[in-house]
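# Working through the structure, step by step
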Amino acid sequence: MSWDTALPVLVLLSSLVPGLVIFFLREEQSRVRTALNLAGAVVKIGLVGIMLWGVYHERHYETRLPLLPGLDLILRADALAMLLTTLSAGLWLVTTIFAVGYLEGSPHRSRFFGFFSLCVTATMGIALAHNLLTFFVFYELLTLTTYPLVIHRGTPQALRAGRTYLVYTLAGSAVLLLGIVWLHRVAGPFSFTQGGALSHLGPQSHGTLLVIFALLIAGVGVKAALVPLHGWLPVAMVAPAPVSALLHAVAVVKAGAFGVVRVVYEVFGIRFAADLGVTTPLALLAALTIVYGSLRAVVQDDLKRRLAYSTVSQVSYIALGVATPGSISSIGGIVHLVHQGIMKITLFFCAGNLAETLGIHRVSEMNGVGRRMPWTMVAFTVAALGMIGVPPMAGFISKWYLGVGAVEAGQGWIIAVLAASSALNAAYFLPILHTAWFKHPTGEWKEEHPRGRFEADWRLLLPSLVTAALVIATGLFASTVMSPLTWAKLIAAREYQP
Amino acid sequence: MISLSVQPLLWFLAVGLPLVLAAGTLLRRYGPVALAWAPWTPLLALAVGVVAPSDSVVSLPWLLLGAQLGMDATTRVFLCFTALLWTCAGFYARAYLVEDPARQRFFAFFLAALSGNVGLVLAHDAVTFYLFFALMSFASYGLVIHDGTREAYRAGRVYIILVVVGEVLLVSALFLMVPGADTVAFSAVSSAVAAAPRRDLIVALTLAGFGIKAGMLPLHVWLPLAHPVAPTPASAVLSGAMIKAGLLGWIRFLPVGEGTFPGWSGFCIGAGLLAAFYGVLIGLTQTNAKTALAYSSISQMGFMTIAVGIGFASPVAWPAAVSAALLYALHHALAKGALFLGVGVVQQVQNGWQLWVVLAGLLCPALALAGAPLTSGALAKLALKDALAFFPLFRPGWLEHLLSLAAVGTTVLMARFLYLLQPGGHSHAPRLAFGLWVPWMVLLLSVLGVPWLFVSQPHGAVVSKTLSFSAFWPVGVGVVLAGAAWRFGRRWALLGTLRVPSGDVLITVTWLMSWWQRQWRSLLAPLMAGKQEVWLARYRITGIERAVLRMEGQLGRWANAGLLFLLLAGVLFATFVFG
């Protein structure tokens, strides 16, 4: 097995092995656990870095495991895969640091970090999967490994949320599997192909393909929280903050959105999908989700709930960009995979930090919190402004490409959707900023820990500052060589090759 | 001449240093140092405005989507008055807020807004302009609500809502106008707008988006609320410098000078005239001196809107129109800044002779705004009338008369402003506050001198032109009118009893908003928050509505959601397959 074929597997193993070992650690061996976690995360970043360099220089990294005759498990590092792998590897490291600080002293940490690592492994598998079967295997694995994380606290509310989550996602998986099997019957075995793998099918099967497209999108749409399949997401926010952060930024929701990208671009192909007439309905559905999620977010007082509905809205930018046929929109949609991840994870880190340090769970409890925890609120402010789309934050770049792309594709109505969404984002984020920075504190907070050198435990503070800096950097330096935007342009250019 | 390699560095510093200091003021350790340096930073921008060679552009391909900063004639004028006003306001603010415990926070926002203002003047591409415009707009929120009073918060709320609306309108306009996602330089954009298929929509969005900043009717409502509640130095930069960012946006993004657009020309001239008179009339009914000044700004921005309207008329008229707009912007920025700073100075006077000095000082910018001979206002009016000579659509004789009539109004409004001043309101100051007097005096001298530096014609000829009868009579009539009102004093005081609330048409809007808010709270908010039972309990509703509600509630169950999805997908697909 050469280096090039081993690398994708090694990337998976770098979190799988620590995860499995951690299960066998005793609860109090927290140093070993943390060391294992961090070592895995660092090794993974190194491996992903090597692959990133290689893919940029057109090297191919592929692992193939024969499963059934004609059906292989294929892991392959293509440009699109690298986008999600890099995001996950980077954010896994900061989330691990955050989680270590967040869960300090709480029970069942070995279980938590074990599943946490497995969850990342599954996400990596989803990113690297190169055919629908492989994608489905890891997609299922992700469902099963996140369930224990959602119900981690074990409260009745958490158990109920876990049940909802499981019902939604398993049903989604069933629909997805149905779609995959049907598609394989129609089209035979195929792997993801840039520009689509189905365009050879004649017009007699187009009716069937329409139904299959709906099934596949419904399957991945559950995790991507497309309205009306979004019900599980706001409920699942009872999970601990690091889980929510991971769920909303890189793992579950992102896996769904990533699935949408794969199905539209590399199963059907954007041109073929547009000819079939499926892109416009998908874009409409995404637009509906964007507006609906924002409307719901405006009235939530619970901070994490508000953020959850914001995710419903923001993740659909990806679907919207992908479903608009035109290379500029595609760039906007693809780059938002990364941008939404770093912005939303920052917000959840801050929410978790506020809850853990001061016991704040609601927006109405945040009066004047900017004075007590200025750095946390700086990070929150940066990410929130990014979500609204204020330059130079990352969110502006996404919106810019989506908006200009909408005009290029002749879909002017999308601008109205973006405008409405920006205004609504401002409506639910700016009051938080005003409350935190300009109102006077109404009473004492429940300080859960004695105040140390910093405003909070550095493990809770540092991750949010790092990701907030990334939010600015990815926007401000969007035109540089290794920015997510440049990478997204590369992917889009390959997708739209004549 | 500084060598070209130093230029970019100086430009960076002019934009970046205020931002660095803004962050510095918030750090406990560096706060005092940052505060001490804060008022000096606009001088960097002034230096750029003076020494940078014309038509130079600095490209930064690694920044944003390829940023460009540049210097042209428009930039130079804007940069000079912006920097001058911010410098005076900065020093003034240091003295004005000397006892304010929150002055560090004030300076953080002040410096951030300064950075935005300088940056947008230097910007030579659409995205960079939009970035600094947003920075300035959002940072100014901190200036508006600085005092933390009820009125300040109300003004702040109105302001920030309009900022967001403006941002959204602008970004929509930008989406429609840029020729490509990475082709954002002004040189590429303005010609693309003229040829764009949805040109009228773009123009409308741009006019409205920047119109919010420029106080265009009916988007002006935030101005008379925000300018009086902000600390006086902040009012000066808001009303003098930042308001001009709207004008600059129009000059940069509208297809003025790129073709003949009679419809938009008429619209802008009409809107400008309306604002010119409306601002004066409502301003006269105000009882707060700063509010009267804010309305005067609305009125004066009307003249600049007229200049833009002339530019729309034909490419031939544009060079004259833009130089008129620039001169007007320069003159108004300095004069209005001096008037606002004067309000604070008046509040500090302790005896009779000081009061007379201040009133005499304030008379200069007041007369300038009215367009009295030999003042900068007369220069600006002259330039505007020169531009009108190029106006090809009709003989604009009546327009000149209307402009003179508006000048009469401005004169009366300025008299009213002087009448409303409250000397010695803050007489707790132990001694003559040099920190207030000196910056104000500097600005006064600038009002008298600086505009002449930007007149291209020989000064002798211009002086004789400003001494014409048409410059005299509006001021004379205005003074007579104001004098008569003063003489029959009761009526003059009674103007205040008309009580047009500051923010005028906002009252109807707030009424509508509060109605909507009531509806939202009682009907939609519980629904959106997932509390259908509130709804069911409060209203007797028909069977259909009940069904809708129940459906919303049952979305929580997978089976229904899935079914609905398939149904939705089916319907959508059906429409696209068979439709």
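Below is a summary of the structure that appears in this document. (Residues numbered from 1 in each chain as written. Chains lettered and ligands numbered in written order. Predicted model: local features only at pLDDT ≥ 70, side-chain atom pairs only at ≥ 80, totals over all residues. Heavy atoms only, no water.)

## Notes on the packing of helix α6 (residues 156–187) of chain A against helix α7 (residues 206–223) of chain A
Residues and elements named next belong to chain A. For the pair α6 and α7, the least separation of the axes is 8 Å and the interaxial angle reads 150°. Classified by the interaxial angle, the pair formed by α6 and α7 is roughly antiparallel. When you trace α6 past α7, the crossing you get is left-handed. The segment α6 lies against α7, with Tyr 165, Tyr 168, Thr 169, Gly 172, Val 175, Leu 176, Leu 178, Gly 179, Ile 180, Trp 182, Leu 183 and Val 186 engaging Thr 208, Leu 209, Val 211, Ile 212, Leu 215, Leu 216, Ala 218, Gly 219, Val 220, Val 222 and Lys 223. Split by residue class, the contact of α6 with α7 holds 17 nonpolar, five polar and one charged. (Axes fitted to C-alpha atoms, helices over the stretch in contact; angles between N-to-C directions. Helix = DSSP H or I, 4+ residues; strand = E, 2+ residues; numbered from the N terminus. Parallel < 35°, antiparallel > 145°, perpendicular 65-115°, else oblique. Left-handed = near helix turned anticlockwise from the far one by under 90°. Contact = heavy atoms within 4.5 Å. Nonpolar A, V, L, I, M, F, W, Y, C, P; charged D, E, K, R; others polar.)

## Here we look at the environment of Ile 251 of chain B
Residue and element names in this part refer to chain B. Here Ile 251 shows up in helix α11 (residues 232–253). For Ile 251, a relative accessible area of 11% corresponds to the buried category. It is 9.8 Å that separates the C-alpha atoms of Ile 251 and Leu 326, two residues lying 75 residues apart in sequence. Residue contacts for Ile 251: discarding those within four places in its chain leaves Thr 74, Phe 78, Val 256, Trp 318, Val 322 and Leu 326. (Buried < 20%, exposed > 50% of the residue type's maximum accessible area, 1.4 Å probe, protein only.)

## Some points on the packing of aromatic side chains
Evaluation of the coordinates by the stated rule reveals 37 aromatic pairs over all chains. Centre to centre, the rings of Tyr 428 of chain A and Phe 429 of chain A are 4.8 Å apart; their planes meet at 50°, and the pair counts as tilted. Judged on exposure class, the residue Tyr 428 of chain A and its partner Phe 429 of chain A are both buried. In textbook terms, an aromatic cluster arises when at least three aromatic residues are bridged by ring pairs, as seen for Phe 129, Phe 133, Phe 186, Phe 210 and Phe 253 of chain B. (Phe/Tyr/Trp six-rings, centres within 6.5 Å; stacked < 30°, edge-to-face > 60°.)

## A closer look at the pattern of salt bridges
Residues and elements named next belong to chain A. The tally for this structure, following the rule as stated, stands at 13 salt bridges over all chains. Measuring nitrogen to oxygen at the nearest pair gives 3.2 Å for the salt bridge that ties Arg 494 to Glu 58. One end of the pair, Arg 494, is in helix α20 (residues 484–495); the other, Glu 58, is in the loop between α2 (30–56) and β1 (62–68), with 436 residues separating them in the sequence. Judged by relative accessible area, which is 57%, Glu 58 ranks as exposed. The residue Arg 262 makes a salt bridge to Asp 78 at a minimum N-O spacing of 3.0 Å. You can see Arg 262 sitting in helix α10 (residues 252–268) and its partner Asp 78 sitting in the loop between β2 (71–76) and α3 (79–102), a full 184 residues away along the chain. For the pair formed by Arg 262 and Asp 78, the shared burial category is buried. Each of Glu 62, Arg 64, Asp 72 and Arg 76 takes part in one network of salt bridges that share partners. (Salt bridge = Lys/Arg side-chain N within 4 Å of Asp/Glu carboxyl O.)

## Let's talk about the side chain of Asn 425 of chain A
Residues and elements named next belong to chain A. Structurally, Asn 425 can be placed in helix α18 (residues 413–438). By relative accessible area, which is 0% here, Asn 425 ends up buried. Reaching out from Asn 425, the side chain makes a polar contact with the side chain of Tyr 428 at a distance of 2.8 Å. If sequence neighbours within four positions are ignored, Asn 425 has contacts with Ser 294, Gln 314, Tyr 317, Met 387, Ile 388, Lys 399 and Leu 430. (Polar contact = N/O pair within 3.5 Å; in protein donor to acceptor, adjacent residues only side chain to side chain.)

## Structural notes on a nonpolar patch on the surface
Residues and elements named next belong to chain A. Taken together, the side chains of Trp 3, Leu 10, Leu 13, Val 17, Val 21 and Ile 50 define a hydrophobic patch exposed on the protein surface, amounting to about 470 Å² of accessible area. For the nonpolar patch, the leading source of residues is helix α1 (residues 3–23), giving five residues. With respect to the helices and strands, Val 17 occurs in helix α1. Relative accessible area serves as the criterion here: at 43%, Val 17 is assigned to the partly exposed category. (Patch = residues over 30% accessible without salt bridge, like charges linked within 9 Å, V, L, I, M, F, W, Y side chains within 5 Å. Areas by Shrake-Rupley, 256 points an atom, 1.4 Å probe, with all protein chains shown as cover.)

## A closer look at the interface of chain A and chain B
Counting residues at the interface gives 56 residues for chain A and 53 residues for chain B. Both sides together, the interface formed by chain A and chain B hides about 4500 Å², and carbon and sulfur atoms give 80% of it. Counting the surface chain A buries against chain B, the share from its top three residues, Pro 228, Trp 400 and Phe 438 of chain A, is 16%. Run the count over chain A and chain B and you get zero salt bridges. One can count four residue pairs in polar contact (both at pLDDT 80 or more) joining chain A with chain B. Looking at the side of chain A that touches chain B, the elements with two or more residues in it are α6, α7, α12 (279–298), α17 (394–408), α18, α19 (458–476) and α20 of chain A. Looking at the side of chain A that touches chain B residue by residue, the class counts come to 42 nonpolar, eleven polar and three charged. (Buried area = accessible area lost by both parts, 1.4 Å probe.)

## Examining the nonpolar core
Ranked by size, the top nonpolar core spans 383 residues in total, and within it Leu 198, Trp 232, Phe 268, Phe 380, Trp 400 and Phe 429 of chain A together with Ile 310 of chain B carry the most contacts. Each of two domains, domain 1 (1–249) and domain 2 (256–497) of chain B, supplies a minimum of three residues to this core. When neighbours within four sequence positions are excluded, Trp 400 of chain A is seen to be in contact with Leu 65, Val 127, Leu 174, Phe 175, Val 178, Ala 181 and Val 184 of chain B. (Core = buried A, V, L, I, M, F, W, Y, C linked by side-chain atoms within 4.5 Å. Domains from an automatic or database assignment.)

## Brief notes about the environment of Leu 19 of chain B
Residue and element names in this part refer to chain B. Structurally, Leu 19 can be placed in helix α1 (residues 6–26). Classification of Leu 19 as partly exposed rests on a relative accessible area of 38%. Remark: the alpha-carbon pair of Leu 19 and Phe 109, spanning 90 residues in sequence, is separated by 9.4 Å. Other than its neighbours up to four places away in sequence, Leu 19 contacts Ala 112, Ser 115 and Leu 135.

## A few points about the packing of helix α3 (residues 42–51) of chain B against helix α4 (residues 73–96) of chain B
All names here are of chain B. Packing of α3 against α4 leaves a shortest axis separation of 8 Å and a crossing angle of 155°. As summarised for this structure, α3 and α4 are arranged roughly antiparallel, according to the angle between their axes. In the packing of α3 onto α4, the handedness of the crossing is left-handed. Counting all contacts with α3, which are made through Pro 42, Leu 43, Ala 45, Leu 46, Val 48, Gly 49 and Val 50, the residues of α4 involved are Arg 76, Leu 79, Cys 80, Ala 83, Leu 84, Trp 86 and Thr 87. Looking at the contact of α3 with α4, its residues break down into eleven nonpolar, two polar and one charged.

## Some details on the pairing of strand β1 (residues 56–60) of chain B
Residue and element names in this part refer to chain B. Because side chains alternate across β1, one face comprises the buried residues Ser 56, Val 58 and Leu 60, and the other comprises Val 57 and Ser 59, none of which is buried. As judged from the five bridges shared by β1 and strand β2 (residues 67–71), these two strands associate in the antiparallel manner. When the sheet's bridge partners are listed, Ser 56 is paired in β2 with Met 71. (Pairing = 2+ DSSP bridges.)

## Some words on unusual backbone geometry
Among all residues save glycine, negative phi is the norm, and among peptide bonds the norm is trans. Note that the residue after Pro 391 of chain A, namely Pro 392 of chain A, is joined by a cis bond; omega there is 5°. The residue Pro 392 of chain A is located in the loop between α16 (374–388) and α17 in this model. Of note in this structure, Ala 225 of chain A is not a glycine but carries a positive phi near 60°. Along the chain, the position of Ala 225 of chain A falls in the loop between α7 and α8 (232–235). The class of Ala 225 of chain A is buried, set by a relative accessible area of 0%. Positive phi is not limited to glycine here, since Leu 64 of chain B has a value of about 50°. Mapped onto the elements of the fold, Leu 64 of chain B is located in the loop between β1 and β2.

## Quick word on the pairing of β1 of chain A
Pairing of β1 of chain A with β2 of chain A, which is carried by six bridges, proceeds in the antiparallel orientation. Looking at β2 of chain A, one finds that Arg 64 of chain A is bridged to Ile 74 of chain A.

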